[in-house]
Amino acid sequence: MEIKQQKSTEGKLKFRQTDKKNNKVILKGSLIATFIALTPYLFYLYESVPDVKVWNTFLFTYESKVYESAHVVAWTLSGKLIPLLLLLIWFFTCRHWWYHVLLVPIVMYTYQTISFITSDTGIFDEFQLLYLVPVMAIVVPSIYLIRARMFNKLNTANKTLEELEEEFKIKPTTFWEKVKQYF
């Protein structure tokens, strides 16, 4: 009788641990889905910025030197930051073998945002392709080699494409493990 009760207690503990893990996954997924659903509203926050050269708030004062309108600056930044955030979410939640190719637009949007913030010359989006060349030189051949390996295995083995994709997936358990994978 005591052994049955002990097994029952162990089973309940395992169920509770699994249940807590599932709750964390559901919570994380819900937060990400809510953020994605709110991105149109986040994008249109620029409409609350006045169309003036100097924008005074109780937190800061912003002077638009190049565009001469804080409204235009907010519109441009929202047009760069929202896609960048969506690409980052896609990159860190994607489980396909090709997700490294998302680094190319992520680097492009990051460079455009940084150059926009630091630029006082008005030159914008002009030479970002030159800065993308090193990233593309690593990412594109890597993706091609992975694809070639998949099709080699597909031709020599009796596996489906989905089984090969599953084999090539990298599944870190935490956000930091996924970040550490690149550095």
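See the structure above.
What you are looking at is a predicted structure, and each value in this text was computed from that prediction instead of being measured. (Residues numbered from 1 in each chain as written. Predicted model: local features only at pLDDT ≥ 70, side-chain atom pairs only at ≥ 80, totals over all residues. Heavy atoms only, no water.)

1. A few points about the packing of helix α2 (residues 70–93) against helix α3 (residues 103–118)
Running from N to C, α2 and α3 point in directions that differ by 155 degrees, and their axes come no closer than 9 Å. As far as their axial angle goes, α3 and α2 are roughly antiparallel. Here α2 runs over α3; the crossing is left-handed. Residue-level contacts link Val-73, Thr-76, Leu-77, Gly-79, Lys-80, Leu-81, Pro-83, Leu-84, Leu-87, Leu-88 and Phe-91 of α2 to Leu-103, Pro-105, Ile-106, Tyr-109, Thr-110, Gln-112, Thr-113, Phe-116 and Ile-117 of α3. Of the residues assigned to the contact of α2 with α3, the class counts are 14 nonpolar, 5 polar and 1 charged. (Axes fitted to C-alpha atoms, helices over the stretch in contact; angles between N-to-C directions. Helix = DSSP H or I, 4+ residues; strand = E, 2+ residues; numbered from the N terminus. Parallel < 35°, antiparallel > 145°, perpendicular 65-115°, else oblique. Left-handed = near helix turned anticlockwise from the far one by under 90°. Contact = heavy atoms within 4.5 Å. Nonpolar A, V, L, I, M, F, W, Y, C, P; charged D, E, K, R; others polar.)

2. Observations concerning the side chain of Ser-64
Topologically, Ser-64 is positioned in the loop between β2 (61–63) and α2. Polar contacts involving the side chain of Ser-64 include one to the main-chain amide nitrogen of Glu-68, which spans 3.1 Å. From its side chain, Ser-64 meets the backbone nitrogen of Ser-69 in a polar contact 3.2 Å long. Setting aside its immediate chain neighbours within four residues, Ser-64 contacts Lys-53, Ser-69, Ala-70 and Val-73. (Polar contact = N/O pair within 3.5 Å; in protein donor to acceptor, adjacent residues only side chain to side chain.)

3. Side note on the nonpolar core
Leu-84, Leu-87, Phe-91, Cys-94, Tyr-99, Leu-102 and Ile-106 together form the largest nonpolar core, which totals 7 residues. In terms of residues, this core owes the most to one element, α2, which gives 3 residues. Formed by 5 residues, the second largest nonpolar core is a distinct cluster that contains Val-104, Leu-132, Val-139 and Ile-143. (Core = buried A, V, L, I, M, F, W, Y, C linked by side-chain atoms within 4.5 Å. Buried < 20%, exposed > 50% of the residue type's maximum accessible area, 1.4 Å probe, protein only.)

4. Digging into α2
Turn by turn, an α-helix covers 3.6 residues, leaving residues three or four places apart pointing in a common direction. Helix length check: α2 (24 residues) gives 34 Å between terminal C-alpha atoms against 34 Å at 1.5 Å per residue, within 8%. Of the residues making up α2, those classed as buried are Ala-70, Val-73, Ala-74, Thr-76, Ser-78, Lys-80, Ile-82, Leu-84, Leu-87, Ile-89 and Phe-91. (Expected span 1.5 Å × (residues − 1).)

5. Side note on the side chain of Lys-80
Within the secondary structure, Lys-80 is located in helix α2. Of note is the side chain of Lys-80, whose polar atom sits 2.7 Å from the side chain of Gln-112.

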